[in-house]
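# Examining the three-dimensional arrangement
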Amino acid sequence: MTLKRIVLLDNEAVQALRDPAHHKHQRVLDEVEFALKRVARTLSVRVAVPAAVRVEAGWDRTAPSWAFINRFPIEDVLLDTGHANTAAGIAKRTGVSVAYAHIGAVIHSMEADHVMVLTSDPVDLRKVAEGKPIQVVTI
Amino acid sequence: MTREEAIDRINELLGSTDPETINTSMRIPKALREAAALAVDELGVAPSTTVMAANALRSLLEATVGLAVLELHYEEYPQFRPTLANLAVVAAEWDGNPLAQQPELIRRYAEEIVQRHPGAEPEDVLLWAEAREYTAAAQKRASAEQASQADQRGAA
């Protein structure tokens, strides 16, 4: 089973998924439901959130207020040494936030055939991708 | 055990880092076991049939739990259950279909297809939309050709 696609969430995608009152909640639910159905059918899709995005979003997996989103199979992408180095370079070159720089580092490190990012800021996302082919879904 | 409790327990187990393994008495069809062994040996899909089966089971469980979470959410907030049209728009985005730029068109064809096929899937909507758009374009070309021929006959 080869991983064919990884779906990354940015801060607003996280906030929108978490909160039914968020004006983009429906939009992100649509994406998540489709992703989960693809996982069930193909076993080759993963949904993930970079650690720095979680920090920016305030997503504490131990906090009861995050219980709903915690139940989804959204894995953490750690900000390890390699990602920190890559993210530092991206942040310096592009001037994006730490969270976006980490998204960029994940994009650069992924072996998935297809990296998709759910984002509210496609411009910054293109910047951090730095030419690497990715699929941007604007929420 | 409530469904919420079951979901939380399954997630807890899936998140466990306990390396302990166990021999199971799970019986699977012999042919399936042989097919899996061939896929591992000849196609290199996984280091072993055990790894392949465990990974597949994990992915399926994660997806099943995620969909169960959504189902609970929709019971509380039925207004958020995605429509076929919404999912078809997402399918177009995921698959790089140019129709993703025309969500209203997708919505129209989604409404159309459920009249004939109530169980249609998002990908069916896209196929239907492409077929209908192709037919409409072909009809337009044919009409234009007929008009052009009529003009030529009139001029003669």
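All residue numbers refer to position in the chain's written sequence, counted from 1. Each chain is given a letter, starting from A, and each ligand a number, starting from 1, according to the order in which they appear as written. Local features in this predicted model are restricted to residues of pLDDT 70 or higher, and side-chain atom pairs are both shown and tallied only at a pLDDT of 80 or more, whereas totals for entire chains, interfaces and linings draw on every residue. To obtain the side-chain values, all non-hydrogen atoms of the structure were included, while hydrogens and water were left out.

## Quick word on unusual backbone geometry
Residues and elements named next belong to chain A. A positive phi is found at leucine 43, a non-glycine position, where the angle reads about 55°. A run of H or I in DSSP counts as a helix once it spans at least four residues, and a run of E counts as a strand once it spans at least two, with each numbered from the N terminus. Following the sequence through the fold, leucine 43 ends up in the loop between helix 2 (25-42) and strand 2 (45-50). Any residue under 20% of the maximum accessible area for its type is buried, any over 50% is exposed, and the rest in between are partly exposed; the area is computed with a 1.4 Å probe on protein chains only. In this structure leucine 43 comes out as partly exposed when scored by relative accessible area, which is 22%. We note that glutamate 130 has phi near 50°; this positive angle belongs to a residue other than glycine. In this fold, glutamate 130 is placed in the loop between helix 7 (122-129) and strand 5 (135-138). A residue is classified by how much of its surface remains accessible, and glutamate 130, at 33% relative accessible area, is partly exposed.

## Here we look at the pairing of strand 4 (residues 114-119) of chain A
Residues and elements named next belong to chain A. Most of strand 4 is tucked away: five of the six residues are buried. In this scheme, strands are said to pair when DSSP sees at least two bridges between them. Bridging between strand 1 (residues 5-9) and strand 4 involves five bridges; their strand directions are parallel. Residue pairing for strand 4: isoleucine 6 is matched across the bridge by valine 115. Where strand 4 lies against strand 5, four bridges are found, and the strand directions are parallel. Within strand 5, the position partnered with leucine 118 by the bridge is valine 137.

## A closer look at the packing of helix 4 (residues 84-94) of chain B against helix 6 (residues 122-155) of chain B
Each packed pair of helices is defined by two parameters, the angle between the axes and the distance between the axes. Residues and elements named next belong to chain B. Comment: axis = line fitted to C-alpha atoms, over the contacting stretch for helices; angle = value between 0 and 180 degrees taken between N-to-C directions. Relative to each other, helix 4 and helix 6 sit at 75°, their axes nearing to 8 Å. The orientation of helix 4 with respect to helix 6, classified from their angle, is roughly perpendicular. Taken together, the residues of helix 6 that come into contact with helix 4 (itself represented by Leu84, Leu87, Ala88, Ala91 and Ala92) are Pro122, Val125 and Leu126. We call two directions roughly parallel when the angle between them is under 35 degrees, roughly antiparallel when it is over 145, roughly perpendicular when it lies between 65 and 115, and oblique otherwise. Residue contacts follow a heavy-atom distance rule, with two residues in contact if any of their heavy atoms lie within 4.5 Å.

## Concerning the packing of helix 6 (residues 98-109) of chain A against helix 7 of chain A
All names here are of chain A. Look at helix 6 against helix 7: their axes get within 8 Å of each other, and the N-to-C directions meet at 50°. By the criterion of interaxial angle, the relationship of helix 6 to helix 7 is oblique. Two packed elements cross with a definite hand, and for helix 6 against helix 7 that hand is right-handed. Contacts between helix 6 and helix 7 involve Tyr100, Ala101, Ile103, Gly104, Ile107 and His108 from the former and Asp124, Leu125, Val128 and Ala129 from the latter. Residues are grouped as follows: Ala, Val, Leu, Ile, Met, Phe, Trp, Tyr, Cys and Pro are nonpolar; Asp, Glu, Lys and Arg are charged; all remaining types, including Gly, are polar. Its residues placed into classes, the contact of helix 6 with helix 7 shows seven nonpolar, two polar and one charged. What makes a crossing left-handed is the near helix being turned counterclockwise from the far one by less than a right angle; a clockwise turn instead makes it right-handed.

## Quick word on helix 4 of chain B
Residues and elements named next belong to chain B. When you tally the buried positions in helix 4, you get 11 out of 11 residues, the bulk of the element. Along helix 4, the positions that sit buried rather than exposed are Leu84, Ala85, Asn86, Leu87, Ala88, Val89, Val90, Ala91, Ala92, Glu93 and Trp94. Looking one or two places after helix 4, you find glycine 96, whose phi comes out positive at around 65°.

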